[in-house]
Each structure stands twice: as C-alpha cells, then as structure tokens.
Amino acid sequence: MIKVLLLTLLFPAMVAASIVEHRLDNGLKVITYTDRASPVSTFQVWYRVGGIDEPEGKSGISHLLEHLMFRGSKNYPGNVFSKIIQANGGVDNAFTTKDYTVYFQRLSPEKLEISINLESDRMANLLLSKEDFELEKKIVLEERRQRYEDDPENLIFEEVIGTAFKNHPYRRPVIGWTEEIERITLEDVKEHYRRFYCPENAFIIVAGDIDERKVLDKVRDRFGKVPSCNSLPRRNNSLEPKQQGERRVILKRQTHMPVLVLAYKVPAFPDRDSLAIELLSNILGGGKSSRLYRRLAVDRDLVVDVATSNSSLSREGFLFFVYAYVKDVSKVEEVERIIREEIDRIKVEAPNERELEKAKNQVEASFLFSQDSVFGHSLYLGRFEILGSWRLIDNYRNTILSLNPSDIQSSAKRYLTDDNLTVGILLPR
Amino acid sequence: MIKIVAFAIIIFATITDLGAKTMEIESYTLENGARVKYLKRDNIPIVYLSVLVKASPLDQIKPAQAYMTAQMLTHGTERLSARQIEELIDFLAVGIEKKVTHDYTLITLSTTKRHLKEAINLFFEILRSPVFPEEEFKKELSKLEKSIRQMEEDPSYLAYRKFIQTLFGTQHPYGIPVEGLPERLNELSREDIVNFYRNHYRPDNMIFSFVGDLSKEELRGILERNLKDWAGKSKPREPKLPELPRREKSLEIKIKKEQLTQATILLGFEGISRGDSEFFSFSLMNYMLGGGGLTSRLARAIREEQGLAYSVYSTFTPYLLPGAFYIEVKTKAENFERVRSLIVEELRKFAERGVTEEELKDAKAFLTGSFPLRFDTMKKICEFLPLLDFYNLGDDYFKKYPDYINSVTVEQIKHVASKRLKYNNYVLITVGP
C-alpha cells in the first residue's frame, strides 16, 4: 500500500496541458509551452545537426557555422543580431553539441516578434561573407586553444572519446580538430548550411508568459515563407565496430593532480539499459554518500573528488564516465583498481532497495529543478524532441520508475565490461 | 499543537512590480533579530531556502576562516555524523550549497516539496548545531589545499589572484581569495572555525529567504519550530582595513607558464562599492565597455573586428567596500602586445570621449529590459532577496531599478569614466608562455 502511494507521489507527471504542438506547411514543427510564473519568455530554434552529422575531414564545421549565424542575414546584414536583441532587453546565445545546435533568446514576451524576424531570416538567408568566415575561424581557433590546448582536464576527455570510438563520428570533438578547422572552406560551410538549415530539420520552442495564438500567427507569417528542405539530410551511418579489448590513453601535461577517466560504451535512451545505467551512475557517483565517493574520498582519502556521468539522451549510444581527481600520482593505479572493483561488485551483488530509491529521488529532483525556469524547461523538452518527441519524457519517467535492482545489475553485466572500456590518465609532465 | 502567531513579528508586505507581474515579497523581523523574506510560488512542487550570514573575509583573522566554517557545517552536528548528513542529503535529493563572497556567506537549500519537512529539519540542524569534528576538518583542509593547487593550473585563476593581491595588498580582506592561499592553510585550526561560528552565526546576523511552494502557515510553522528559540548576539563587524597600496604608474606583472599557447591578460584598477552613488552609471559604463557580451566596445574591437580572442569581457565587484574593476582577454601569445594596446586604447577613448546618446539608450534598454531575466527562477529570487536588506537596496528595488538606470545621463557616464577608467595607471597581470 505504502509503495503504491510512494510511486504516485514520486516524480509527478509534467503539466502537459500547457504544451501544444503545431506544424507549418513547410514541415517546421513549433512547440509552445505556456508558463506564467515569471514575466519572461524564451525563443529557441533547434537544428538537428551536430558533430555526429559532419562529413569526414570537416570536424567542427557545425560549430563554425553556429558562430557565423551571428554575422548577418539578408534583411539584417552585418554584425547586428545580438545588438538588436540586447537593445530590446534580451539575452541571446547558441551552442552546438554532438547531436544538435540550438539558438536561443531570453526576452520579454512582448518582444518575441523580434526573435521571430531575426531567426526566420537567418534560417533562410544567411549571408556568409568571406571576411566574416576568416574572422570567425580565427575566433574558433582561439576558443579551441582556450578550452583544450591550454586546459588538460578537457583535453583528457577529448582523447578518451577519440580513443573509445574508432569509426563512429562521436569520436570527433564538437569544436573540431585544429588541423581540420584550418582547412574548412567557405564553400564547405555554405553546403553544410544548405543541407541542414531548413524547416523539416529544425523545430522551434517558444515558452513562457506567452499569448500562444499571437505568437503562432507571427511564427507562421515569418517561418512559413522559409522554403522546405531540398531533401532530408542523411543521418549518420558510420557504425562503431565491436570493441576488441580495453583501450588506454595516457596524456602528460601540466597538472597538479592526476585525472583518471574510465569510459564504457553504453546504449542511449529509449533503450532500457541506458536508464538502468543512469540510475547506476547515481548509485556509484551521485553525491558524497555514493559508493565511489565513500570508498575513495572518505574511507581511503585517495581522491579529492570522484564523479560519474551518463548522457542517456544521446542520439546514439555514447559513454558512461567515471572520473577521479587523484591526490597523488603514486595512487592512480590503486584508485583505478578500486573503481573497477566497485563496478564488478554491482555485477555480483545487486544494489539494495534504499540505494535505488535514493537514485530515483535524485532523478526526480533534477527533473523538477530543471523546470525552475522556462528556459531550462524548454531545453529539457528540446532534448527529448531531438530524439523524436518531447512526449518521450513520459516513457523516460515510467521506465525509471519501473527499474528494479536486478535490472541495474544486468545492465552493468552487459555493458560495463573490459571490452567496452577505455581508460584515460592525465599525469603531470 | 502549533501556536500560530505565538511570536512577535513585524510584517512589511511589499508588492513589487517586475515587468507586468508582481512579486509579493513579505519581510519579517523576528524577536531574536533574524530577518525573514518570503515569496510564494506554487507552479512547481519545489522550495528554496537561503540564509545570508554576515560573515566573510571582512571578519576573519586568518585566510579561509569564513570559507572553511561554511564548508564544515555539513560535516557533523550534535545529532548527526558527517556520513549521516551526506546520506540524508543524497537520499532526500536536496541541495545544500554554500557560497562565500568577500562580503557574506550564503547557504541555500533546495528541496522537492515531497521532502520539505526532512529537508528543513536537516538544514536547521546543520546551521544551528554543527560540531566541526577535528578529523573531518583536517580532511577537508587537505582537500581544499589540493583543490587550490589544481585551480592554480587555470591561468584565469592565477591572474585574478595576483591581481587582487596587487591591487588591495595581502593584508586587506579583499586581497586574497575567499578560499585562502594553499601555503597558509596550515595556520587554520579547528578552534578558529569554532570561534568564527560562535561569533558570527547568530540569528541577529542572518537574513533568511523562502521562495517556492510553501504556504504562509507552513512558513510560520517552520519559523516557530526552528528559529524562534535561537538566541544569542553576534559580534559586531569591525573589519581591519589597511590602506591600499599606492601606485604612481601602471604596474605590470608577468607569470610565466611555458606550456600555455595563449596569454591570459587581466588589466584593471580600483572599482566602487555597492552603495556608491555612481553605482548605476558605473554599471552602464561597464556594460558598454566590456560587460555587454559580443556587443561591447572591447568585444567589437578585439574579437568581432579582428578575431584576436574568443573570450573578452570586463566586470566589477561592487562590495560593501570599494572593490575592483577588471578586463580579461585570452589571446594567442604572440598577439599579447596588440591586444594590450587595443584594451588601453578603448579605455582611453571611453574616458576621454564618453559615449553617444544612442549607445546609452541601447545600454539602458538592455539593463532594464533584461532585469526580469535575472530573476527568472525561484532559486535566483531566493538568493537575491537577502541582498535587498544586506546592501540596503530596499524591498522596492525591483520596482525602482528601471528609474535608477533611466535617470543616468551621458554626462554622468563621461564623468564616471574619466574619473574611474585609469588607462594610464592600471595593474596588468599576464599569464602565458
């Protein structure tokens, strides 16, 4: 009896009534989500293009194009996009991931028309001048130096990912490799824009204290004129061959503490295993009472921090990470041994009910806290929409609730194996 | 049985405009001196509780004393061990974040409504009866030392630390980072933490704020059970303030790190306090100069027109006492001189010529228009409400903010720029190969 009650209280269903879906004639999907808690709104254009879609030899082209989207379109020439948004009291930005690219503004609901005008123009009529192209390339190379070349803690992850995948495009960093960024041409970028920036390959999320009908009319008026895609872009068909044996990469750079990274290839949602691993990720590394933190940071005092991460909402299977900041170089081996022991322990002895309930509580809380802003909540919806539909959230939720200790154990047995593992170690030079 | 209004509270209900919406903030003062601010928001079943403690490097006798006191709150209480606290935090999936600035300590609880009661009990347990176990203290201190050593690998951190040391001097509370210096952490003892807690963590030194799915009756119950019987006076704040180091001309310091490909340039000088009458002119000036993302003058000159950097910005730290103003740019090492002269040139132009009406108009539109975005989550509101009292902004600050901004003139911008932008007397720190 108590159990049933608990499950209904746990993880309340999202208020779906306030979310409405529309589709324009050219295939563009528009999702509106009304939330009147604050006098703010967000306008987001999501393109189904990221690192995973890039042609061989052109790593970083999606991200470079994202930069160039701020350099002017036919009706708004020049470097004016952000200037117009900011002069209207808005904040704008964009980001590229391995799976998608998002452009967003946060602004007063009365100003949404400005976003609609600007975004629709750059979806159809980006200028892409030679001069801007050369400038943005320089800026991206500075970004790369800042984020990777001069930041060994990021570089070790780039190396681990590149080692874990032999063939799948996830092996390439979103920002691109320097040598390839340098060789991207303006023509390449134009081609990439033509292929991926069109209505059926995008969707819009408008959310906040909005007048849904008014906003939709404006969106229809502006985005409705954008021509349909010539053909739907081909999706990735580079499959990753089965891994044969553990892989290992050692990077020696300036660092005070060694960083140890273990990465296992795992499936993506809606595969049930991916959510079992999501819960396992919390059991192993979610907080200071987690198994790994307890053993490594508290009992043995070998690490300053140890954490886990799993991106179950990838378009395709990616990696489950365990990473640790090891206090002393001489302890790296011992830390690795203990992490592997803990992973093997799950395989022989299922987690207990309380641990599982704790992990579910954590997933529930992060779900609720992600709704604290319309902006954050919209990003959450968009991540599911990229996988097919925001309605998959229900599936995600129900699957999480239904998982039991033996599910966790069998997923660990299936995926957390030496033949799925890549180990990376950052050591002081 | 819960007595509903068994304790004396003075209620000031304030209705504040924020764009089209109203924020019904309520403020109370309890008999023990604690201030309480409250805003109900029930669209999501979550609750935030923040407490601002007037305790910071301004009050400490040793570096990191305020920081370590806050960190140690969750490491053992009269009833619970550190391990039990960690287990509860994770099981209830609550967050207890501790943020220590140069002016105050802010501790924020976030919880789902479902776990509200247990979360509140835990929060007041760690706030009211921490015991600071010696062994836990030593472990945390060693972790902190390692963490700072790792942060030292970040050129921005190194540059910033050197900058404040140079600007304020190491005897000034603003002259060293809140987390202290690794080589001086061994000066700190458990005794220092216990004393710091005893002197400053007192209800009359605290401003609480509650935001979220919480009724007024529930709030009353919480205050009644957890706060009302807490007595004791805090020690008055009497920061020791040495004079700032004098500078006749610009000072340049280079920190060599051979493995880097970029030079991190941090150039700055003295800023203003939060209470300064020119605060709003200064904010607008900073926005136009370097605070306004890609549209600022510095970003235009260095990034957008020449592609010399990815990251370019200016910022300032308006504390209780005058803080700092600085610009940070990262550029390929060989471009260092070029970028430095572009920064100085932009500062000079701004100081000598000021800005156009058009530029100021856009800046005002941004700062007033984006103001509600700064409070678009319950968490942001919860962490801001105590500052209304702490910096004497008043509960009508949300309503008055647009007027404060809109009343600034181009003459005032010119005045503040020519007085404050020390383009020929700055501190410049470079970290690079």
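Residues numbered from 1 in each chain as written. Chains lettered and ligands numbered in written order. Predicted model: local features only at pLDDT ≥ 70, side-chain atom pairs only at ≥ 80, totals over all residues. Heavy atoms only, no water.

Student: For this particular structure, what's the right way to read the overall build of chain B?
Tutor: Secondary structure assignment for chain B yields 14 helices and twelve strands. Over its C-alpha atoms chain B spans a radius of gyration of 23 Å, differing by no more than 12% from the 22 Å that the globule rule assigns to 433 residues. Projecting the C-alpha coordinates of chain B onto the three principal axes gives extents of approximately 70 × 50 × 40 Å. Expressed as a percentage of the 433 residues in chain B, the buried residues total 63%. Residue pairs in contact within chain B that sit at least 24 positions apart in sequence constitute 78% of those at least 6 positions apart. In the structure as shown, chain B presents an accessible area of about 16,800 Å², 50% of it carried by carbon and sulfur atoms. (Helix = DSSP H or I, 4+ residues; strand = E, 2+ residues; numbered from the N terminus. Rg over C-alpha atoms; globule rule 2.2 N^0.38 Å. Buried < 20%, exposed > 50% of the residue type's maximum accessible area, 1.4 Å probe, protein only. Contact = heavy atoms within 4.5 Å. Areas by Shrake-Rupley, 256 points an atom, 1.4 Å probe, with all protein chains shown as cover.)

Student: I keep staring at the state of the cysteines and nothing clicks. Help me out?
Tutor: Such a bond, covalent and formed between the sulfur atoms of two cysteines, is termed a disulfide. Residues and elements named next belong to chain A. What the rule picks out here adds up to one disulfide over all chains. At a sulfur-sulfur separation of 2.0 Å, the disulfide partner of C198 is C229. Every disulfide takes its handedness from the sign of the S-S torsion; for C198 and C229 that torsion is 100 degrees, giving right-handed. Residue C198 is located in the loop between α8 (186-196) and β8 (202-208), and its partner C229 is located in the loop between α9 (212-223) and β9 (247-253); the two are separated by 31 residues in the primary sequence. (Disulfide = S-S within 2.5 Å.)

Student: I would appreciate a short explanation of the packing of aromatic side chains in the present structure.
Tutor: Aromatic ring pairs are reported here in terms of the distance separating the ring centres and the angle at which the planes meet. Throughout the structure, instances matching the rule amount to 53 aromatic pairs over all chains. Summarising the aromatic geometry, the rings of Y193 of chain A and Y197 of chain A are spaced 5.4 Å apart at their centres and angled 40 degrees between planes, so their arrangement reads as tilted. The residues Y193 of chain A and Y197 of chain A share a single accessibility class, namely buried. Note on F371 of chain B and F375 of chain B: the rings are 5.1 Å apart at their centroids and 70 degrees apart in plane angle, and the pair reads as edge-to-face. Neither F371 of chain B nor F375 of chain B differs from the other in exposure class; each is buried. Looking at R122 of chain A, its charged tip hangs above the ring of F70 of chain A, at a distance of 4.6 Å from the centre. The aromatic ring of F279 of chain B is capped on one face by R274 of chain B, whose charged end is 3.7 Å from the ring centroid. (Phe/Tyr/Trp six-rings, centres within 6.5 Å; stacked < 30°, edge-to-face > 60°. Lys NZ or Arg CZ within 6 Å of the ring centre and 35° of its normal.)

Student: I tried to follow the interface of chain A and chain B on my own but got confused; where do I start?
Tutor: How big an interface is tends to be reported as the loss of accessible area on association of its parts. Every contact between the two is made by 65 residues of chain A and, on the other side, 62 residues of chain B. Note on chain A versus chain B: buried area summed over both sides is about 5,900 Å², and carbon and sulfur give 52% of it. Counting across the chain A and chain B interface gives seven salt bridges. Note that R114 of chain B and E364 of chain A form a salt bridge whose closest N and O atoms lie 3.0 Å from each other. Inspection of the chain A/chain B interface yields 43 residue pairs in polar contact (both at pLDDT 80 or more). At the level of elements, α1 (2-9), α3 (81-87), β7 (101-107), α5 (130-149), α11 (291-299), β11 (303-310) and α13 (353-369) of chain A are the ones that each hand at least two residues to the side of chain A that touches chain B. (Buried area = accessible area lost by both parts, 1.4 Å probe. Salt bridge = Lys/Arg side-chain N within 4 Å of Asp/Glu carboxyl O. Polar contact = N/O pair within 3.5 Å; in protein donor to acceptor, adjacent residues only side chain to side chain.)

Student: In this structure, what is going on with the packing of helix α14 (residues 374-386) of chain A against helix α15 (residues 392-402) of chain A? I would like to understand it.
Tutor: The description of two packed helices rests on the angle between their axes and on the distance between the axes. Residue and element names in this part refer to chain A. Where α14 contacts α15, the axes come no closer than 9 Å and their chain directions differ by 95 degrees. By the criterion of interaxial angle, the relationship of α14 to α15 is roughly perpendicular. Packed against α14, whose contacting residues are Y380, L381 and F384, the element α15 presents L392, I393 and Y396 at the interface. In the contact of α14 with α15, the residues fall into six nonpolar, no polar and no charged. (Axes fitted to C-alpha atoms, helices over the stretch in contact; angles between N-to-C directions. Parallel < 35°, antiparallel > 145°, perpendicular 65-115°, else oblique. Nonpolar A, V, L, I, M, F, W, Y, C, P; charged D, E, K, R; others polar.)

Student: What is the right way to read the sheet that holds strand β2 (residues 29-34) of chain A from this model?
Tutor: Sheet strands pair by backbone hydrogen bonding; their relative direction is either parallel or antiparallel. Residue and element names in this part refer to chain A. One open sheet accounts for six strands, arranged β1-β2-β8-β3-β7-β6; its pairing is mixed. Looking along the sheet, the strands with just one partner apiece sit at the ends: β1 (19-23) and β6 (91-96). Shown here is a sheet whose adjacent strand axes are inclined to one another by a mean of 15 degrees, direction ignored. (Pairing = 2+ DSSP bridges.)

Student: What's the story with the sheet that holds β9 of chain A in this structure? I'm lost.
Tutor: All names here are of chain A. Sheet architecture is open: five strands sit in the order β9-β13-β10-β12-β11, paired in mixed fashion. At either margin of the open sheet sits one strand with a lone partner, and together these are β9 and β11. Across the sheet, the axes of successive neighbouring strands diverge by a mean angle of 10 degrees, strand direction being ignored. Judged from the seven bridges that link them, β9 and strand β13 (residues 421-428) form a sheet pairing that is parallel. Residue K252 lies in a different strand from β13, and its bridge partner there is L427. Contacts from helix α12 (residues 332-348) reach β9, β10 (259-265), β11, β12 (319-326) and β13, with the element oriented near 30 degrees to β10.

Student: For this particular structure, what's the right way to read the nonpolar core?
Tutor: Judged by nonpolar contacts, the single largest core of 142 residues is most densely connected at I302, I343 and L421 of chain B. Beyond its immediate chain neighbours, meaning those up to four positions away, I302 of chain B contacts G307, L308, A309, V312, V329, V339, L342 and I343 of chain B. (Core = buried A, V, L, I, M, F, W, Y, C linked by side-chain atoms within 4.5 Å.)

Student: Could you clarify how one ought to interpret the side chain of R340 of chain B in this entry?
Tutor: Residue and element names in this part refer to chain B. Structurally, R340 is set in helix α10 (residues 336-353). Within the local environment of R340, its side chain forms a polar contact with the side chain of E337, the two groups lying 3.1 Å apart. Not counting the four nearest positions on each side in its chain, R340 is found in contact with E252, Y426 and L428.

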